[in-house]
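Structural characterization, general
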Amino acid sequence: MKEVRIGLGGANWMGIYHSIGMTNVRQAYHDVCPVFEAVADVNEAAAKAAAERFGYKKVMTDWHDLVADPDVDLVIIATPNFTHSEIALAAAKAKKHILCEKPMANRLEDGAAMVQAVKEAGVKSLVDFIYTKCPANILAQEMMQSGKLGDFVTFRGEFDCSYCADPTTPATWRQVASIAGTGALGDLTAHVVSMSDMIVGKKIVEVFASWDTAYTSRPDSRDLSKQITVDTDDQIYVIVKYEDGRIGSMSSSRISVARPDSLAYEIQGSKGSVKFELSHINDLQYYSNDCDPKERGYKTIKGNTRNGDYANFCGTDELGISYGDVMAIQAHDILTAITEDRDVKIDIAYGHYVDRILAAIEKSANENRWVAVEEIQP
């Protein structure tokens, strides 16, 4: 079995989930083996905890050491947004493959440089649009592309979370624009854009957005006796126009009291509709006009071994896979791209494409007008 040696940059929330995904690859697949080589974090205690939990051989506090390590093949960039481009450029120069968090870069110029660096280095890359790997969403894509839903009519997507619903929750880097870029837009709406792009299969060409920061100051997580000004968005609403003239909507919130972690969408076609909600990650709701009108209504398509990589985790239908399993599907994609020397669809070039759409949304929210995506150039 071929091995790929992993170097993790950032040992907190998403770094841990990427490590869980890599662990699950070992259990679910039999064609590639990730080796936990090194972990780096400015918080040495967090790095040591990750090393103990997952078996990383080396602990570092400087990402430069991680990128320079000759024993590392793949660098996972799970650090704050403003560091992504610098680490990715260094990793590409060192001929390391890259798995990068989204949003990919705070500035489009940096994203364009990342695309060029990866291309010139000839390394593989993947950006963490994890929900594109969910078997239920792959089924939705197949149903849309096959014509089962008919002609596309509209898309409605939302991603609500409660991690900042309490106004006394201390501010972290996500509340600071110079570090995070944007708030709910980059953290959450990016995933909604990727869902639309994957399943609808039509490009977004124009956007109109409005955003809001409900809690403009919070305790500073570094010193709770002090307050910090919040200058990133807590919630955002967007109307999008597609290349065929159809319209849709997107919204995201990090201050939703009732929804701890709720990605959802509904796609309507001329013959039917599908909808998905993350809390039912194994299920797809399907509505069809192709039946007796008195029998119409959404039906549930349960987790199915014929969809995506579901069968790698479950021997029969309806047993159910987890978020960590979907992380493994994504991890397997970049690992086998490396060992088989093949392309990845959701790569850094794709991440830059999504960043352009996010930049158009940000411009619209700031200027209170429709913004064409083609206005946004790197």
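Structural notes, computed from the coordinates.

So, how was this worked out
- Residues numbered from 1 in each chain as written.
- Predicted model: local features only at pLDDT ≥ 70, side-chain atom pairs only at ≥ 80, totals over all residues.
- Heavy atoms only, no water.
- Phe/Tyr/Trp six-rings, centres within 6.5 Å; stacked < 30°, edge-to-face > 60°.
- Helix = DSSP H or I, 4+ residues; strand = E, 2+ residues; numbered from the N terminus.
- Buried < 20%, exposed > 50% of the residue type's maximum accessible area, 1.4 Å probe, protein only.
- Lys NZ or Arg CZ within 6 Å of the ring centre and 35° of its normal.
- Pairing = 2+ DSSP bridges.
- Axes fitted to C-alpha atoms, helices over the stretch in contact; angles between N-to-C directions.
- Contact = heavy atoms within 4.5 Å.
- Parallel < 35°, antiparallel > 145°, perpendicular 65-115°, else oblique.
- Left-handed = near helix turned anticlockwise from the far one by under 90°.
- Nonpolar A, V, L, I, M, F, W, Y, C, P; charged D, E, K, R; others polar.

Time to look at the packing of aromatic side chains. The tally for this structure, following the rule as stated, stands at 14 aromatic pairs. Note on phenylalanine 36 and phenylalanine 54: the rings are 6.1 Å apart at their centroids and 55 degrees apart in plane angle, and the pair reads as tilted. On the criterion of sequence distance, the pair formed by phenylalanine 36 in strand β2 (residues 32-40) and phenylalanine 54 in helix α2 (residues 44-54) is long-range, its members being 18 residues apart. Overall, phenylalanine 36 belongs to the buried group, its relative accessible area being 2%. A ring pair is formed by tyrosine 350 and tyrosine 353, whose centres lie 5.7 Å apart and whose planes are at 40 degrees; its orientation type is tilted. With a gap of three residues between them, tyrosine 350 and tyrosine 353 both fall in helix α10 (residues 348-367), about one helical turn apart. For tyrosine 350, a relative accessible area of 11% gives the class buried. Taking NZ or CZ as reference, lysine 241 lies 5.3 Å from the ring centre of tryptophan 370, over its face. Above the plane of the ring of tyrosine 298 lies lysine 275, whose end atom (NZ or CZ) is 4.2 Å from the centre.

Another aspect to go through is the sheet that holds strand β6 (residues 125-127). The parallel open sheet is built from six strands, whose spatial order is β3-β2-β1-β4-β5-β6. Looking at strand neighbours, the two that pair on one side only are β3 (58-60) and β6, the edges of this open sheet. The sheet shows a mean angle of 25 degrees between the axes of neighbouring strands, direction not considered. Strand direction decides the pairing type here: strand β1 (residues 2-9) and strand β4 (residues 74-77), joined by four bridges, are parallel. Paired with isoleucine 6 across the two strands is leucine 74, which belongs to β4. Contacts from helix α4 (residues 84-93) reach β4 and β5 (97-100) within the one sheet, and its direction differs from that of β4 by about 175 degrees.

Packing of α4 against helix α5 (residues 108-121) leaves a shortest axis separation of 9 Å and a crossing angle of 15 degrees. In this view, α4 runs roughly parallel relative to α5, as classed from their interaxial angle. Like other packed secondary-structure pairs, α4 and α5 cross with a definite hand, here left-handed. Two secondary-structure elements touch here, α4 through His84, Ser85, Ala88, Leu89 and Ala92 and α5 through Asp110, Ala113, Met114, Ala117, Val118 and Ala121. Partitioned by chemical class, the residues of the contact of α4 with α5 number eight nonpolar, two polar and one charged.

It is worth stressing that arrangement in space is one thing and function is another; only the former is reported here.
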